[in-house]
Structures are given as structure tokens and as C-alpha cells.
Amino acid sequence: MTVVIRSTVVDVDLDAVTANVQAVRARSGVEVIAVVKADGYGHGAEAVAEAAIDAGAAALAVATVEEAIVLRRARPRDPLLVLLGASEQAERDAAVALGLSVTVWDTESARAMAEAARAAGTTAALHFKVDTGLTRLGAPLAEAADRYRTIAALPGARLDGVFTHLARSDESDLATTEEQLDRFDSFLDAIEPPRWVHASATGGIASLGPRPRVTAVRPGLALYGLNAAPHLADRLALLPALAWRSKVHRVAEVPKGAGVSYGHEYRLPRDGRIATVPVGYGDGLSRLARAARLLVHGTPLPIAGRVAMDHVMLDVTDVAGVRAGDEVVVIGTQDGVTLSADDLARAWGTINYEVVTAIAPRVPRRYLRGGRLVATKTLAGGYVRC
């Protein structure tokens, strides 16, 4: 087992991931393609993937072939979809060799995948994406059915899935979402749909519930216990999986007026004490999050001055007994008080997605089941089961 030696650490509760997959399955009534891109939204793709599959997810999805290569080492047999496709020959060759499913939306990329598969003596598994209104990736609706039929006829290719992606499913007004789904239905009317038909990510799962003709959903954020929007929080019973903690490294007695951190933008309003905490923007706590509060002894304390690469400082003058080694919570619960990824996102002026995916690889991850350590992931040692 890799020894986690740093005081700044992320703990991931895999029981929460299990519960979240089950909540998604209950809400949607269809199969689950668990999205573990961006290293499992910062939680660690290997451990989350295992927990999701064990909880009943039928497949996994990542953004890039490179992410899939990393995940294949831990999950050699699970169905694995690459959402962004494979535009380079090296990506196509790797996708074929590893048995990945690859997204396509034009005949040229599909033909290239089929040629790579034929050269390897196998068949390329493909999911066809339709652009119904996000205006990002996918076949234009007017051309989608013809492209799909052309690709279906290619030797060396097999179309296993079709999908689209919703632009505004996390909003209270679902008119645009319904329009997109109507367009997707018109495409499905023109083809013989394959096994996998998917449209909803976390926002759509929460806002729409079960949908006719859809056979799978693609939860990302929901796996990790986070909501796509506040008004959707009561639609899915989710459990936050991630806690981010550190420890006080030093407490210093500081006189009134002393400047703290770079630029001395914060000065003590009275004689007091400053605690230095080894977490900074090099760990993923953005310099933009200067309005954030961290928990010490159950007290939310504002950051004193600028966030540095490796440290933040807290004014602990009004919290009795703070000393080196005391726990500091960035995300999580301490003494009955909780600071969430959403709280940090508001202080940062961003969304919870960015908060968790920004946590740097140098922050060790510890994985827990039933409160017991079952795996670690560190910069030096990689992912290791205990």
C-alpha cells in the first residue's frame, strides 16, 4: 500500500457513490453509463468506476482515449465509451486495441475507425452522436439519419449506441429541453435504434425522470453526490462523496496591523493569531476563492489575504485553542458544521463541477467503504488497493 504522508488529503466515500448510482437507477428506470471523465470529476476514476459497476452501472464513459487508456488498466473488461471520439490515428489504434466504444458523428471519422479495426482484425464499436441543439458536437439533425445509415453499412464498424446531449436540462423551464428531445425522437423515427439510446446527464435525470425510447442515462455529477442546480436537489437523494481536509501547520502570534500573505491585502485589526494551512492553488483551491471559508474547530473562518500556491492563512484569533496539527476542512463536515462544494463554488464564482475537478493530483485520495480504508491514489504511487 502506498503510504499517504501529506496532511492535505481528499477522502472519497465509495458507499456514497454506490447509493448515488442506485438513486439514479431508481429515478431513470434504465441502464446507467457512469461518466468518470476528468479523473472521476476529481474523485479518482479507478475507484469510482469500480464502485459504480458494483452498484449496477452497465458501462463507463470518459472524455478522451488517453483517459480510457488509464482506466483500462484498472477496468480491463467493462464497456467503456470515449465521448469526444478519436481524431488521431494513434487514438484510433489504441481504441481498437483496448476494445473501446468511440463516439462518431461523421462518415469520415467512422470510416477511419472501421479501417483501423479491419487492420487489427476486429470490429470498431461506435456510438453515433446527434446535435439537437447544444451546438457543440454531433451530426446536424438534417443529415443525421443518412450519416447513421452510411456508417451502419461500413465493413469493420458496429453501431452500438446513439445519443445527444441536452443544453438546458438543469433549468426550471424545460421548453428547450423538450424541443431537443423531440428532435432526437425524429431522428430515432428514421433509423432502427441500437441497444444504447441515451440523452440525459445529471440535469436531465433529475428534471425529466423516465423517458420513453431511452435505454440509458449518463450521470456524471450525480455519481459524486452533487446536484446540477439547487432546484433539483429534492429530485435525487444524493450523498456527497468527497471530503477535502488539511491540518494547521503553524500558529503565530501577530500584532495589530501586521500584513498577511502576498501584497499584505489583509492586516490584523487587533493583536491576534494567524494559522497557516498547507493547501493552495497548487492543490486546486483557486486564488479566486478568496471569499471562501474553511472550518477550524467547527467554526467557518475566512481566508486572510491572498491564496498562495501551497498555503492559505486563517485569522484564528477568536477561536480558542487552535494549534499546529488541528484539522482544517475545505469541503466536508466538522463538529456538525458542513461546508459543501457548492459553498466553495459560490465563493469562487463558479460551479461545483469546477471545484471538484480542480483538485490537483498532488492531493492524495483515500477511498473508504464502511469507514474502512480500501485504496489510495497518490502522485507518487498511483492507484493502489489496500
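Residues numbered from 1 in each chain as written. Predicted model: local features only at pLDDT ≥ 70, side-chain atom pairs only at ≥ 80, totals over all residues. Heavy atoms only, no water.

Visitor: Please explain the environment of Ile69 as it appears in this structure.
Guide: Inspection of the secondary structure assignment puts Ile69 in helix 4 (residues 65–74). Separated by 22 residues in sequence, Ile69 and Glu91 place their C-alpha atoms 9.8 Å apart. Excluding residues that lie within four positions of it along the chain, Ile69 makes contacts with Ala94 and Leu98. (Helix = DSSP H or I, 4+ residues; strand = E, 2+ residues; numbered from the N terminus. Contact = heavy atoms within 4.5 Å.)

Visitor: Just checking my understanding: could you explain unusual backbone geometry for this structure?
Guide: Peptide bonds are trans in most cases, and residues, glycine excluded, mostly fall at negative phi. Positive phi is not limited to glycine here, since Thr135 has a value of about 60°. Structurally, the position occupied by Thr135 is in the loop between strand 6 (124–131) and strand 7 (139–140). The exposure class assigned to Thr135 is exposed, which follows from its relative accessible area of 68%. (Buried < 20%, exposed > 50% of the residue type's maximum accessible area, 1.4 Å probe, protein only.)

Visitor: Explain the pattern of salt bridges to me, please; I cannot follow it from the model alone.
Guide: Here the idea is simple: oppositely charged side chains can pair when their charged atoms come close. Here the structure, examined in full by the defined rule, presents 25 salt bridges. For the salt bridge of Glu265 with Arg290, the shortest nitrogen-to-oxygen distance reads 2.0 Å. A residue pair is termed long-range when its members are at least 10 positions apart, and Glu265 in the loop between strand 13 (259–260) and strand 14 (266–267) and Arg290 in the loop between strand 15 (272–277) and strand 16 (293–296) qualify at 25 residues. Between Asp343 and Arg346 there is a salt bridge whose closest N-O contact spans 2.4 Å. Residue Asp343 and its partner Arg346 are located together in helix 10 (residues 341–348), separated by three residues, close to a single helical turn. A relative accessible area of 28% places Asp343 in the partly exposed class. Bridged by salt links that share partners, the residues Arg6, Asp283, Asp310 and Arg362 form one connected network. (Salt bridge = Lys/Arg side-chain N within 4 Å of Asp/Glu carboxyl O.)

Visitor: Explain the sheet that holds strand 18 (residues 312–315) to me, please; I cannot follow it from the model alone.
Guide: In sheet architecture, strand pairing relies on hydrogen bonds along the backbone and comes in two forms, parallel and antiparallel. Strand order in the open sheet formed by three strands is 12-15-18, with antiparallel pairing between adjacent strands. On the outer flanks of this sheet lie strand 12 (250–254) and strand 18, each paired with one strand and no other. Across the sheet, the mean angle separating the axes of adjacent strands is 30° when strand polarity is ignored. Where strand 15 and strand 18 come together, four bridges link them in antiparallel fashion. The residue of strand 18 that forms the bridge with Thr276 is Met313. (Pairing = 2+ DSSP bridges. Axes fitted to C-alpha atoms, helices over the stretch in contact; angles between N-to-C directions.)

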